[in-house]
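# Tertiary structure, described
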Amino acid sequence: MRKKIIAGNWKMNKTPSETVTLIDELKPLVATDEADVVFCVPAVSLTTAIEAAKGSNIQIGAQNMYYEESGAYTGEVAPGMLTDIGVKYVIVGHSERREYFAETDVTVNKKVLKAFEHGITPIICCGESLTQREQGVTIDFIRQQIKIAFLNVTPEQAKTAVIAYEPIWAIGTGKVATAGQAQEVCKAIRDCIAEIYGDAAAVAIRIQYGGSVTADSAAELFSQPDIDGGLVGGASLKPDFGRIVNYK
Ligand code: PGA
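Residues numbered from 1 in each chain as written. Predicted model: local features only at pLDDT ≥ 70, side-chain atom pairs only at ≥ 80, totals over all residues. Heavy atoms only, no water.

## Digging into the pairing of strand E7 (residues 206-210)
- Across the 5 residues that make up E7, a large majority, 5, are buried.
- Burial of the side chains of E7 extends over both faces: Arg206, Gln208 and Gly210 are buried on one face and Ile207 and Tyr209 on the other.
- Sheet topology places strand E6 (residues 162-165) next to E7; 4 bridges connect them, and they run parallel. Residue pairing for E7: tyrosine 165 is matched across the bridge by tyrosine 209. (Buried < 20%, exposed > 50% of the residue type's maximum accessible area, 1.4 Å probe, protein only. Helix = DSSP H or I, 4+ residues; strand = E, 2+ residues; numbered from the N terminus. Pairing = 2+ DSSP bridges.)

## A short note on the packing of aromatic side chains
- Overall, the coordinates contain 8 aromatic pairs when judged by the stated rule.
- Ring centres 5.7 Å apart and planes at 65° place the aromatic pair phenylalanine 39 and phenylalanine 241 in the edge-to-face group. Remark: phenylalanine 241 occurs in helix H12 (residues 240-245) and phenylalanine 39 occurs in strand E2 (residues 35-40); sequence separation between them is 202 residues.
- Exposure remark for phenylalanine 241: the relative accessible area of 0% places this residue in the buried category.
- Taking the centre distance of 4.9 Å and the plane angle of 45° together, the rings of tyrosine 66 and tyrosine 73 count as tilted.
- By relative accessible area, tyrosine 73 is classed as partly exposed at 35%.
- Aromatic rings pair up to connect Trp10, Phe39 and Phe241 into one cluster. (Phe/Tyr/Trp six-rings, centres within 6.5 Å; stacked < 30°, edge-to-face > 60°.)

## Some thoughts on helix H2 (residues 46-53)
- For H2, the full list of buried residues reads Leu46, Ala49, Ile50, Ala52 and Ala53. Summarising the axial view, the buried residues of H2 lie within an arc of 165°, below the 170-degree limit, and thus occupy one face.
- Backbone geometry just downstream of H2 places glycine 55 in the positive-phi region, at approximately 80°. (Arc of directions from axis to C-beta.)

## Observations concerning helix H1 (residues 16-26)
- The set of residues buried in H1 consists of Thr19, Leu22, Ile23 and Leu26. The arc that holds the buried residues of H1, viewed along the axis, is 100°, so those residues lie on one side. Of the residues in H1, the exposed ones pointing more than 90 degrees away from the buried face are Ser17 and Thr21.
- Where H1 is buried, its residues touch E2, H2 and strand E3 (58-62). (Contact = heavy atoms within 4.5 Å.)

## So, the layout of surface pockets
- Its boundaries defined by the atoms lining it, the largest pocket holds a volume of some 580 Å³.
- If you trace the largest pocket, you find 20 residues lining it, with Met12, Gln63, Asn64, Arg97 and Phe101 closest to the centre.
- Of all the elements, helix H4 (residues 95-100) adds the most residues to the lining of the largest pocket, at 3 residues.
- In the lining of the largest pocket, the residues fall into 10 nonpolar, 5 polar and 5 charged. (1 Å grid on protein atoms, 1.4 Å probe; cavity = no way out; pocket = protein on both sides within 12 Å on 5 of 7 lines; lining within 4 Å. Points joined across faces, edges and corners; volume = space filled by probe spheres on them. Nonpolar A, V, L, I, M, F, W, Y, C, P; charged D, E, K, R; others polar.)

## Considerations on the site of the ligand
- Lining the immediate surroundings of the ligand are 13 residues, of which Lys11, His94, Glu166, Gly172 and Ser212 lie closest.
- Glutamate 166 is positioned such that a nitrogen or oxygen atom in its side chain is 2.6 Å from an oxygen atom of the ligand.
- Because more than half of its atoms lie within 2 Å of the grid, the ligand is assigned to the second largest pocket.
- For the shell around the ligand, a count of residues per class yields 4 nonpolar, 7 polar and 2 charged. (Near = heavy atom within 4 Å. Polar contact = N/O pair within 3.5 Å; in protein donor to acceptor, adjacent residues only side chain to side chain. Sits in = over half its atoms within 2 Å of the grid points.)

## A look at the pattern of salt bridges
- Summed over the entire model, instances satisfying the criterion amount to 20 salt bridges.
- With a closest N to O distance of 3.3 Å, aspartate 36 and lysine 3 form a salt bridge. Of the two residues, aspartate 36 is situated in strand E2 and lysine 3 in the segment before strand E1 (4-9); the sequence distance between them amounts to 33 residues.
- Exposure remark for aspartate 36: the relative accessible area of 17% places this residue in the buried category.
- Lysine 3 sits in the partly exposed class, given a relative accessible area of 36%.
- Of the charged contacts, one joins glutamate 96 and lysine 11 as a salt bridge, the two residues approaching to 2.8 Å between their closest N and O atoms. Of this pair, glutamate 96 sits in helix H4 while lysine 11 is found in the loop between E1 and H1, placing the two residues 85 residues apart along the sequence. (Salt bridge = Lys/Arg side-chain N within 4 Å of Asp/Glu carboxyl O.)

In structure tokens, the structure reads:
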């Protein structure tokens, strides 16, 4: 059985001092052995968050990372900087980064390979726009995103990856995908991984749903056979996140 993984994507919210307050508040609410719990906080708060989460089940992830080791890349954060402070996960290819910061499938692939090289688990985001859904090309589009993101990733690495299926039209809109829609795409993603790597990797890899997940929608979404948890934005900044983690 795959262990669920429920991650909060704080996006560009909370200062380092507010981070301490929120982690202290959420710590008892998200305590569980049944799921992996990850808080992906802004880069400037990573060290503070790791300190604040010590002794709890919360693991800290970054929201982005560059694919070079070091050098003249003003403003970027290198993978070795993340591992040096104890970061375990990194979100790669979030649709906001694709839309506002020119992230492409190719740069996503480079970041995924670099994350694995450094022992950081990538949370690889994919998801279609409303137009793509309406035109009936959702599955084709997602398969392309996945195939490029996983180029040159080994089967052993693929087993440990996390994929977040986040339909763009559902992010921050309050318009959550139905459990049926989310399950259909998450299953297609698992089938795509099976085609590339075989059944063992497909059975092991964890696939999250993300997009307007709330305490009310989590249980039905996370009980779908191919949905192994969620990537949660807005609701991860509130006590509601405790109810999402303990959705059963
Ligand atoms: P949301 O964000 O839960 O606020 O829709 C999800 C995400 O972008 O990861």
